[in-house]
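Structure assessment
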Amino acid sequence: MSLRKISADIANFLFVVYAFFVDIISVFPSYIRLGMWFLIIFLQAVSYNFVIRYEKKLVFVLVLTCCIALINNQEIIRGNLPYMMTLKFMITFLYFFLIIFDQSSYNKIMKTVISMGLINVIATYFFLLVPSAYAAMFNVWGYYPTGTQQGTYGYRAALTNHYSHNGIICIITTIALFAVLISDFQKQSKKKRRFIRYLVLFLLSLFAVVMTSKRGVLLFGVVAMMLVYSICNIQNIARNGIKIVIVAAVIVTLLYLGYRFIPIIHNTIDRFLVIGTEDDKEADSRFEFWKAAIKLFFQHPVFGIGWFGFRYYYSENLYDQSQRAERYSYMNAHNVYIQMLCESGAVGFIIYITLLIAVTVLVFRLIHRTYRMPGYPHKRQVIFGSSMHFLFVFYSLTGNCLYDMTFAFYCIALGFLLGTNIESRNYKKKLLEQKKRQNEIEMLDRSRFFVDS
């Protein structure tokens, strides 16, 4: 194996480990993260022999993104060295550009995502079965994470410092396993045991999301997977309408029985039932965030208040020490679209929405194209990237996907989508050339047959 390949493998492994265990890594001094980020980029540069490939359109997107994130950046303006939030965003976004042309690493990245994700899923079940062991996590954080009820339900947060973080990690693991199942579905008869193994892991990961009681990631994750499955199998869905209705009825029945007799499912469904009621305290606080962000947008409608500006506004005007711990003194708006309006104004918001629409169009084209090409090697990456894109788009309505750990996984997904798009075009050309050569050979054989006869 060449040095360039080893460098790429180490860089990709480190990035995935960072994405999954960012909370634990953040416990250590900031120079650990800084060293890790720059090592990842350096190793990626080595893998390209310091000659970076690029496309003009993508460079234009990178320049636009840098303009939005750096011009009037409130972290830089306030001199909050070493600018960890800005560096994290830029390094993560740069990583996405560096894996676009490294398609040979995609399968290893997927395997690493599944492996690291399953560690978190296993930890979730472990703390459910051995609740006393969760006391060790208090020593790591110095507090019991939100959502664990002072450690009583430690499995909800598992190895993260917030139950929503564990929910995000578990749904991403579920999506990765879903991608394997869908891409290998046609090979099910040949690899039945393997298919069943992945199906069991998929169900365990999905139930781990239920265990976290995080309703947003559960709802949007399931919707994202259903949407991608529908796009991939639109003809089969039309033919098997009755079967789908039966399956839906079975799922509803199981949910009802789970709600009645399984406390974990009961708690999670209860969180859905209180949406919009007076008991939904989480929604109430988010409405306050949204109103504040919209107010700031109308005060600065063109270019906004600057990247990361809402966090500082919250800390100075909305943070109540009597209601929240000090670690929550800087909060995002829990709606990426509203926060983009607030921080980058109408100009940045239009650019952002345009990019999301462009990726959505690409998703439909890629699924349509790759499912028509027999033997295409990166269908898993197309499914994973597509599902992650829809999760990101939907969860941005109530979450902080652009600012938390979700963005790292979304950058992996974007790298997969744009990389497979480039490769699939080349792959399609090869298939057409092979078909053309085969037709020429057949024509030549026919002409020889008539000459001989």
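Higher on the page you've got the structure.
The following paragraphs examine the structure supplied in this document. (Residues numbered from 1 in each chain as written. Predicted model: local features only at pLDDT ≥ 70, side-chain atom pairs only at ≥ 80, totals over all residues. Heavy atoms only, no water.)

1. Brief notes about the packing of aromatic side chains
- Within the structure shown, the criterion is met by 34 aromatic pairs.
- Note on Phe289 and Tyr314: the rings are 5.3 Å apart at their centroids and 90 degrees apart in plane angle, and the pair reads as edge-to-face. With Phe289 in helix H15 (residues 281-299) and Tyr314 in helix H16 (residues 309-318), this residue pair connects regions lying 25 residues apart in the sequence.
- Here Phe310 and Tyr313 contribute two aromatic rings whose centre-to-centre distance is 6.5 Å and whose plane-to-plane angle is 35 degrees, an arrangement assigned as tilted. One end of the pair, Phe310, and the other, Tyr313, are both in helix H16, 3 residues apart, so they sit about a helical turn from each other.
- Of the residues examined, Phe310 reaches a relative accessible area of 0% and is grouped as buried. (Phe/Tyr/Trp six-rings, centres within 6.5 Å; stacked < 30°, edge-to-face > 60°. Helix = DSSP H or I, 4+ residues; strand = E, 2+ residues; numbered from the N terminus. Buried < 20%, exposed > 50% of the residue type's maximum accessible area, 1.4 Å probe, protein only.)

2. Describing helix H17 (residues 336-370)
- In a regular helix each residue adds 1.5 Å, so 35 residues correspond to 51 Å; H17 covers only 31 Å between its end C-alpha atoms and thus falls short of that length.
- When the local axis directions of H17 are compared, the greatest deviation, roughly 125 degrees, occurs at Ser344.
- One side-chain oxygen of the residue at the start of H17 lies 3.0 Å from the amide nitrogen of Tyr337, identifying that residue as Asn335. (Expected span 1.5 Å × (residues − 1). Bend = angle between axes of the 7 residues up to and from the residue. Polar contact = N/O pair within 3.5 Å; in protein donor to acceptor, adjacent residues only side chain to side chain.)

3. What about the packing of helix H3 (residues 30-47) against helix H6 (residues 84-99)?
- The contact between H3 and H6 brings their axes to 10 Å, and the two run at 20 degrees. Comparing the axis directions of H3 and H6 gives the class roughly parallel. Relative to H6, the crossing made by H3 is left-handed. Facing Ser30, Arg33, Leu34, Trp37, Phe38, Ile40, Ile41 and Gln44 of H3, the residues of H6 in contact are Met84, Leu87, Lys88, Ile91, Leu94, Tyr95, Leu98 and Ile99.
- Among the residues making up the contact of H3 with H6, the classes are represented as 12 nonpolar, 2 polar and 2 charged. (Axes fitted to C-alpha atoms, helices over the stretch in contact; angles between N-to-C directions. Parallel < 35°, antiparallel > 145°, perpendicular 65-115°, else oblique. Left-handed = near helix turned anticlockwise from the far one by under 90°. Contact = heavy atoms within 4.5 Å. Nonpolar A, V, L, I, M, F, W, Y, C, P; charged D, E, K, R; others polar.)

4. A closer look at a nonpolar patch on the surface
- On the surface, a cluster of nonpolar side chains totalling about 580 Å² of accessible area is made up of Ile246, Val250, Leu254, Leu257, Phe261 and Ile262.
- Tracing the backbone shows Leu254 in helix H13 (residues 241-261).
- Relative accessible area serves as the criterion here: at 54%, Leu254 is assigned to the exposed category. (Patch = residues over 30% accessible without salt bridge, like charges linked within 9 Å, V, L, I, M, F, W, Y side chains within 5 Å. Areas by Shrake-Rupley, 256 points an atom, 1.4 Å probe, with all protein chains shown as cover. Salt bridge = Lys/Arg side-chain N within 4 Å of Asp/Glu carboxyl O.)

5. Brief notes about the pattern of salt bridges
- This model, assessed by the stated rule, comprises 4 salt bridges.
- With a closest N to O distance of 2.9 Å, Asp9 and Lys108 form a salt bridge. Residue Asp9 is found in helix H1 (residues 3-20), and its partner Lys108 is found in helix H7 (residues 106-129); the two are separated by 99 residues along the sequence.
- The closest approach of N and O atoms between Lys291 and Glu288, which form a salt bridge, is 3.3 Å. Placement of both Lys291 and Glu288 in helix H15 is noted, with a separation of 3 residues, approximately one turn of the helix.
- One connected set of salt bridges, linked through shared partners, spans Lys5, Asp9 and Lys108.

6. Focus on the nonpolar core
- In terms of nonpolar packing, the biggest core is built from 124 residues, with Trp307, Phe384 and Leu402 touching the most fellow members.
- For this core, the leading source of residues is helix H9 (residues 163-183), giving 13 residues.
- Apart from the residues lying within four places of it in its own chain, the contact partners of Phe384 are Met110, Ile172, Ile175, Ala176, Ala179, Ile412, Ala413 and Phe416.
- If you look at the next biggest cluster of nonpolar residues, it comprises 13 residues, including Trp290, Ala292, Tyr314 and Tyr328. (Core = buried A, V, L, I, M, F, W, Y, C linked by side-chain atoms within 4.5 Å.)

7. Observations regarding the environment of Tyr337
- Looking at the secondary structure, you find Tyr337 in helix H17.
- Residue classification places Tyr337 among the buried residues on the basis of a relative accessible area of 13%.
- Considering only alpha carbons, one finds Tyr337 and Ser396, 59 residues apart in sequence, at a separation of 6.9 Å.
- Here Tyr337 is in contact with Phe349, Tyr352, Ile353, Leu356, Val393, Ser396 and Leu397, once residues within four sequence places are set aside.

8. Here's the deal with helix H10 (residues 192-212)
- With 21 residues, H10 ought to run about 30 Å at 1.5 Å a step, and its terminal C-alpha atoms sit 31 Å apart, in line with that.
- One or two steps after H10, the chain reaches Ser213, where phi turns positive at roughly 65 degrees.

9. Digging into the packing of H16 against H17
- Taken N-terminus to C-terminus, the directions of H16 and H17 make an angle of 95 degrees; their axes are 9 Å apart at the nearest point. When the axes of H16 and H17 are compared, the pair comes out roughly perpendicular. Counting all contacts with H16, which are made through Gly309, Phe310 and Arg311, the residues of H17 involved are Gln339, Cys342 and Glu343.

10. Considerations on the side chain of Asn73
- Turning to its location among the elements, Asn73 is positioned in the loop between helix H4 (56-70) and helix H5 (74-77).
- Look at Asn73 and you get buried, because its relative accessible area is 1%.
- Side-chain polar atoms of Asn73 contact the backbone nitrogen of Glu75, separated by 2.9 Å.
- Looking at Asn73, its side chain comes within polar contact range of the main-chain nitrogen of Ile76, at 3.1 Å.

11. As for the environment of Ile353
- Within the fold, Ile353 resides in helix H17.
- Ile353 sits 16 residues away from Tyr337 along the chain, and the two C-alpha atoms are 8.5 Å apart.

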